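Close look at the chain arrangement
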Amino acid sequence: MLSLDDKKALQVKGEDCFILAECFFDRPFKRPAYLYNQRGKSAGTAHLQRNLIKFNPVLFKQNQNEFLQQVVAHEVAHLITYQLYGKVRPHGKEWQQVMIEVFNCPAKTTHNLDIKDVIGQQFEYQCLCTSHQLTVRRHNKVLKGAKYLCKGCRSTLKPSFLGES
């Protein structure tokens, strides 16, 4: 779905990030493989042990500047942090240091991209304080007995379509 130019732009930005990290930490870093098949709401993911970064092609096409300004650095920072410190909290102080001090980027843990084209079917659930949209995967787990709690009121989410509240 991405053109060769799109893939190259992501890889060049990734390489720029690695060069910044090598200058800052005065050591080499192993370069990752890149895949362009991330699905769902995630803009990208870093697979630490596999030294791999996956990008969401749909979100990239719709948000190229945000990807090149923030998303690539975010994912590269995960790999740099892992190569430096091993297993640490995903968005902990080590990762934040790489984002802020090395890449001069805000250490945002989530994106706020428009995800309407990638979210898929949603199911409405209700707690005591509000309504929630669950994915097909979570909805099917509820049908098999799983329970989800609201982070606000801590009550169990109930399907709205059953008339329960």
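Residues numbered from 1 in each chain as written. Predicted model: local features only at pLDDT ≥ 70, side-chain atom pairs only at ≥ 80, totals over all residues. Heavy atoms only, no water.

**Remarks on the overall build of the protein**
Threshold: A run of DSSP states H or I qualifies as a helix once it reaches four residues; a run of E qualifies as a strand once it reaches two. Both are numbered from the N-terminal end. In this scheme, a residue with accessible area under 20% of its type's maximum is buried, one over 50% is exposed, and one in between is partly exposed, where area comes from a 1.4 Å probe on protein chains only. Computed with the Shrake-Rupley method and a 1.4 Å probe, the accessible areas treat only the protein chains shown as cover for residues.
Tallying secondary structure elements over the protein gives five helices and six strands in all. Scanning the protein from its N terminus toward the C terminus, one meets helices and strands in the order α-β-β-β-α-α-α-β-β-α-β. With the C-alpha coordinates of the protein rotated into their principal frame, the extents come out at 60 × 35 × 25 Å. The buried share among the 165 residues of the protein stands at 37%. Accessible area of the protein: about 10100 Å², with a carbon and sulfur share of 50%.

**Notes on the side chain of N51**
Condition: In protein, a polar contact means a hydrogen-donor-capable atom and an acceptor-capable atom, both N or O and within 3.5 Å, with residues adjacent in sequence counting only if both atoms are side-chain atoms; elsewhere, any N or O pair within 3.5 Å suffices. Contacts were defined at the residue level, with two residues in contact if any of their heavy atoms lie within 4.5 Å.
Relative to the helices and strands, N51 is located in the loop between β2 (44-47) and β3 (52-55). From its side chain, N51 meets the backbone oxygen of R31 in a polar contact 2.8 Å long. Dropping the residues within four chain positions of it, N51 is found in contact with K30, R31, P32, A33, L79 and Q83.

**Digging into the sheet that holds strand β4 (residues 122-126)**
Filter applied, for reference: A pair of strands is treated as paired once DSSP finds two or more bridges between them. Axes here mean lines fitted to C-alpha atoms, for a helix over just the part in contact, with angles spanning 0 to 180 degrees between N-to-C directions.
Strand order in the open sheet formed by three strands is β5-β4-β6, with antiparallel pairing between adjacent strands. Among the strands making up the open sheet, the edge pair consists of β5 (131-135) and β6 (158-159). Packed on one face of the sheet, helix α5 (residues 136-143) meets β4 and β5 and runs near 95 degrees to β5.

**Considerations on the packing of aromatic side chains**
Selection rule: Geometry of aromatic contacts follows a simple scheme: Phe, Tyr and Trp rings, the Trp one being its six-membered ring, pair when their centres are within 6.5 Å, and the pair is stacked under 30 degrees between planes, edge-to-face over 60, tilted otherwise.
Evaluation of the coordinates by the stated rule reveals six aromatic pairs. Centre to centre, the rings of F24 and F25 are 4.8 Å apart; their planes meet at 75 degrees, and the pair counts as edge-to-face. Centroid distance Y34 to F55: 6.2 Å. Interplanar angle 10 degrees. Geometry classified as stacked. In this pair, Y34 sits in strand β1 (residues 33-35) while F55 sits in strand β3, placing the two residues 21 residues apart along the sequence.

**Observations concerning a positive patch on the surface**
What counts is decided by this rule: Grouping into patches uses exposed residues only, defined as over 30% relative accessible area, and leaves out salt-bridged ones; the cut-off is 9 Å for like charges and 5 Å for nonpolar side chains (Val, Leu, Ile, Met, Phe, Trp, Tyr). The salt bridge definition used is simple: a Lys or Arg side-chain nitrogen within 4 Å of an Asp or Glu carboxyl oxygen. Asp and Glu are treated as the negative residues and Lys and Arg as the positive ones, with His and the ends of the chain left uncounted. A charged residue contributes its charge at one atom only: NZ of Lys, CZ of Arg, CG of Asp or CD of Glu.
Taken together, the side chains of R39, K41, R137, R138, K141 and K151 define a basic patch exposed on the protein surface. Structurally, R137 is set in helix α5. The exposure class assigned to R137 is exposed, which follows from its relative accessible area of 64%.

**Thoughts on the packing of helix α1 (residues 4-25) against helix α3 (residues 64-85)**
Between two packed helices, what matters for the description is the angle formed by their axes and the separation of those axes. Counted only if it meets this: Orientation is classified from the angle alone, with under 35 degrees giving roughly parallel, over 145 giving roughly antiparallel, 65 to 115 giving roughly perpendicular, and any other angle giving oblique. The handedness criterion is simple: a crossing whose near helix is rotated anticlockwise from the far helix by less than a right angle is left-handed, and one whose near helix is rotated clockwise is right-handed.
In contact at an axis separation of 9 Å, α1 and α3 are set at 45 degrees when each is read in the N-to-C sense. Our classification of the angle between α1 and α3 gives oblique. Remark: the crossing between α1 and α3 carries right-handed chirality. Contacts from D6, A9, L10, K13, G14, C17, F18, A21 and F25 in α1 reach Q64, F67, L68, V72, A73, V76, L79, I80, Q83, L84 and Y85 in α3.

**Notes on the environment of L59**
Positionally, L59 belongs in helix α2 (residues 57-62). The sequence separation of L59 and C153 amounts to 94 residues, and the corresponding C-alpha distance is 32 Å.

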